[in-house]
Each structure stands twice: as structure tokens, then as C-alpha cells.
Amino acid sequence: CTEEKKVRIGVSQCSTDDWRMTLNEEIMREEIFHPEVEVEIRSADDNNAKQIADLEYFAKNDFDIIIVSPNEAKAVTPKIKALHDSGMPIVVFDREASEKCYSAFVGADNHDIGVKAAQYALLLSDEELNILEITGLPGSTPAMKRGSGFDEVMTENGGRARIVAKAAGNWNYEDAFAVADSILAVHQEINVIYAHNDRMAIGASDAAKKHGIKDMKIIGVDGVPSTGLKAVADGVITATFLYPTEGSLLFRKALAIVNGSPFEEETIITTPTVVTKDNAELMLMLDQEIQNETRKVKTLKGQVDEYWSRHSAQTTVLYSVVAI
Ligand code: FRU
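For the structure given in this document, a descriptive report is provided here. (Residues numbered from 1 in each chain as written. Predicted model: local features only at pLDDT ≥ 70, side-chain atom pairs only at ≥ 80, totals over all residues. Heavy atoms only, no water.)

## Looking at the pairing of strand β6 (residues 129-135)
Here is step 1: Of all 7 residues making up β6, 7 are buried, and the element is well covered by its neighbours.
Here is step 2: In this sheet, strand β7 (residues 161-168) lies alongside β6 in parallel orientation, the contact comprising 7 bridges. Bridging from a neighbouring strand, L132 pairs with A165 of β7.
Here is step 3: Across 4 bridges, the pairing between β6 and strand β8 (residues 192-195) is parallel. Each bridged residue has a counterpart across the sheet, and for I134 the counterpart in β8 is A195. (Buried < 20%, exposed > 50% of the residue type's maximum accessible area, 1.4 Å probe, protein only. Helix = DSSP H or I, 4+ residues; strand = E, 2+ residues; numbered from the N terminus. Pairing = 2+ DSSP bridges.)

So this is what it looks like as C-alpha cells:
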């Protein structure tokens, strides 16, 4: 008998980190329930050229659909557009493309995250706020929007709070530590740091510690359990805004597109939720529950696979006996 061709989904991640690993896990978890689907995930390691090569790889190797988070919009969009124009269905997620040249988009409202982070900063104290903003990779759309939302509120607050310094931390710990280290050496008046993600917030926290500053208020974004939630629970940073990963939704949308089922072209997922010391432990406990359930599902899947491989081995033996 001929084996049916599987639906092949290619996932092009721009980076490898805790947030993306969580999302990848969700995609793989969804794959367990769809034996007709095969997923391959590639990471561009923050490199536009590598991401373009990954997209080409998926196109050349008979993939049915590509899910992509563009590292930097301007650099990667032309490739997305060329593939889409040639008939490849594409779902863009998290980071946006610079024009609408795809089948669907799934993401959060990053401008709103910036607005909510600024409103939260204003509640931190009645005193003057002197803020250091550490941005993500400047060419990536969440960095632009988390910045514009924050700036919007800051320019309207009547002068009590102001952004004293702003520098790119490029979404990573090392760059954020380095810029915070040098800026805090010059601007001793800084009392709040807004970092566009938690890894950079943790880098900034370590830099503040290095300068002997104990009461720095630090706000991040993402809320991945092992990083951001833990940092809030441990008091390393003050708060984080949840940035949903939604891997299973992405998987299901891609499959609907391939199967010709109806799908929503634009799915915007958040209303930003802030996590502080008050609810971080609870969020961590809920995550533990999910991890436990996931482990059970994986064990069950292993048992089913083993049953079927034994069953098909027995069937083969039986057929051979009958043939003799
Ligand atoms: C992960 C990440 C997240 C951030 C997102 C923005 O690669 O840096 O920390 O929220 O990308 O695209």
C-alpha cells in the first residue's frame, strides 16, 4: 500500500531563545495530535541572510506552507513577498513584514504593550521618573511599536516622567547589560528601566547591581516562566508584560490554510497582562500544571506509537506466514 504524503509545515524562527523555545514546544505538542503533518523548525540566529536561506530551503524542499517571524522587516520582506507571489502560502507571526504579502498574520498589539508599560511605570511612584529605555533590535517591528506606545504616554504626562536615555539592547542579555552599564555610569538620576523584553531587563538588573543600585524599578516583556516570571518572583525585575506565544493556534491556522478551510487573515492576540510579585508565583504554579499535563500526553503518545509499531510488526509476521 502507498503511504499518503504528509502535510509539511516549515517554521522559520528569527532567533533561538526561551520565548521561541516555548512557542516551538507548543507547535510540537500540536503535531502529536496530527499524524498527517510533519513540521520542521529552523532558526536564523538573528541573521537576515540566514533567514532568507531558510525560507528558500522550505520552498525548494516541497513544503506546503511556511510560518515565519521576520528578523528585521525590511530585509526579510522581499523574500516573503517573492515566495508568496510564486504561490507559497505564508503565515507571518510576532514580528511583522513591511508590507502585506502573506496569507495570514498572528501577533500581539505591541504598541498597546508599550502604552500599558508606560502607564504602569507612572504608577510606580509619585516622584519624578527618570527612565532608561532599552529597545529590541531596531529593525524588528515589536521594538518599534513597544517604543512608540511607551513614548506616546511619556510625552503626555506633564513632565513628571521622562526618558533620559534610550539605547538598543537588540533583544539579548549581553547588549542590554553593556548599554545599561555604560549609561548608568553617567546618569545616576535614572530610577526606572523599561526593557522591551525580559532577557534585556535581567541584563539591566545585573548592571544596576554592579553599580550598587538597589531600588531600581525594572519593567520587561514576555513572561516566559523560566526567565521573566522567575525573575519577577525572585525580585530581580519589578514586572513583566505577558507576550503570548500561541504555537498551537499558529499550527492550526497553517493547517486550515493548507486544507482550504476558512481562516482569519489577521489574529491579534493580546490585552496586555502585567505580572508582578503579587501574581508571579501563581503564574509559575499554573505553568507547572501545564508541564505535568504535557508530560502525560507525551507518555501516552509514546505508548500508542509503541503499540502500533508492535501491531504492524505482528501483522507483517502474520502475512509472511500466510504467504508461506
Ligand atoms: C524572542 C524575542 C522576544 C520578544 C520578541 C519580539 O526572540 O526577542 O523576547 O518579545 O522576540 O519579536
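## As for the site of the ligand
Here is step 1: What surrounds the ligand is the set S15, D17, R20, D94, R95, P142, R146, W171, N197, R199, D222 and Y243.
Here is step 2: Contacts to the ligand include R20, whose side-chain N or O atom sits 2.6 Å from an oxygen atom.
Here is step 3: Contact between the ligand and R146: an oxygen atom at 3.1 Å from a side-chain N or O atom of the residue.
Here is step 4: Considered on its own, the ligand offers 320 Å² of accessible surface; in the complex 100% of this is hidden by protein.
Here is step 5: Spatially, the ligand is embedded in the largest cavity.
Here is step 6: Along the lines of polarity and charge, the residues of the shell around the ligand split into 3 nonpolar, 2 polar and 7 charged. (Near = heavy atom within 4 Å. Polar contact = N/O pair within 3.5 Å; in protein donor to acceptor, adjacent residues only side chain to side chain. Areas by Shrake-Rupley, 256 points an atom, 1.4 Å probe, with all protein chains shown as cover. 1 Å grid on protein atoms, 1.4 Å probe; cavity = no way out; pocket = protein on both sides within 12 Å on 5 of 7 lines; lining within 4 Å. Sits in = over half its atoms within 2 Å of the grid points. Nonpolar A, V, L, I, M, F, W, Y, C, P; charged D, E, K, R; others polar.)

## A short note on helix α2 (residues 48-60)
Here is step 1: Taking 1.5 Å of rise per residue, 13 residues should cover 18 Å, and α2 covers 19 Å from first to last C-alpha, within 8% of that figure.
Here is step 2: Of all the positions in α2, only N48, Q51, D54, L55 and F58 are classed as buried. Axial view of α2: buried residues confined to an arc of 115°, hence all on one face. What points out from α2, more than 90 degrees from its buried face, is the exposed set A49 and K60.
Here is step 3: Taken together, the buried residues of α2 touch β1 (7-13), β2 (37-43), β3 (65-68) and α3 (73-85).
Here is step 4: The N-cap residue of α2 is N47: its side-chain oxygen and the backbone nitrogen of A49 are 2.9 Å apart.
Here is step 5: One or two steps after α2, the chain reaches D62, where phi turns positive at roughly 65°. (Expected span 1.5 Å × (residues − 1). Arc of directions from axis to C-beta. Contact = heavy atoms within 4.5 Å.)

## Considerations on empty space enclosed by the protein
Here is step 1: Tallied over the full model, the rule gives 2 cavities of 30 Å³ or more.
Here is step 2: Lining the largest cavity we find D17, W19, R20, D94, R95, P142, R146, W171, N197, R199, D222 and Y243.
Here is step 3: Those elements that place two or more of their residues in the lining of the largest cavity are α1 (18-32) and α5 (141-154).
Here is step 4: Here the lining of the largest cavity is composed, by residue class, of 4 nonpolar, 1 polar and 7 charged. (Points joined across faces, edges and corners; volume = space filled by probe spheres on them.)

## Comments concerning the layout of surface pockets
Here is step 1: Put simply, the largest pocket is a space of about 680 Å³.
Here is step 2: Contributing to the lining of the largest pocket are 25 residues, with T22, E26, P225, T245 and D287 lying nearest its centre.
Here is step 3: For the lining of the largest pocket, the secondary structure elements donating two or more residues are α1, α8 (225-233) and α10 (277-323).
Here is step 4: In the lining of the largest pocket, the residues fall into 12 nonpolar, 7 polar and 6 charged.
Here is step 5: When its volume is computed, the second largest pocket comes out at roughly 210 Å³.
Here is step 6: Along the walls of the second largest pocket sit 13 residues, with K214, M216, G235, V236 and I237 positioned nearest its centre.
Here is step 7: Top element by residues in the lining of the second largest pocket is helix α7 (residues 198-210). It accounts for 3 residues.

## Regarding the sheet that holds strand β5 (residues 104-107)
Strand pairing in a sheet relies on backbone hydrogen bonds, with the paired strands running either antiparallel or parallel.
Here is step 1: Read across the open sheet, the 6 strands follow the order β2-β1-β3-β4-β5-β11; overall the sheet is parallel. Strand pairing shows two members of the sheet lacking a second neighbour, β2 and β11 (266-268), which therefore form its edges. Between one strand and the next, the sheet's axes are offset by a mean angle of 15°, whatever the strand orientation.
Here is step 2: Where β1 lies against β2, 7 bridges are found, and the strand directions are parallel. (Axes fitted to C-alpha atoms, helices over the stretch in contact; angles between N-to-C directions.)

## Things to note about the pattern of salt bridges
Note that side chains of opposite charge can pair when their charged atoms are close.
Here is step 1: All told, the structure shown has 25 salt bridges when counted by the stated rule.
Here is step 2: Residue E293 is joined to K296 by a salt bridge in which the shortest nitrogen-to-oxygen separation is 3.2 Å. Separated by 3 residues within a single helix, E293 and K296 lie in helix α10, roughly one turn from each other.
Here is step 3: Look at the salt bridges and you will find they share partners, linking D17, D18, R20, D94, R95 and R199 into a network. (Salt bridge = Lys/Arg side-chain N within 4 Å of Asp/Glu carboxyl O.)

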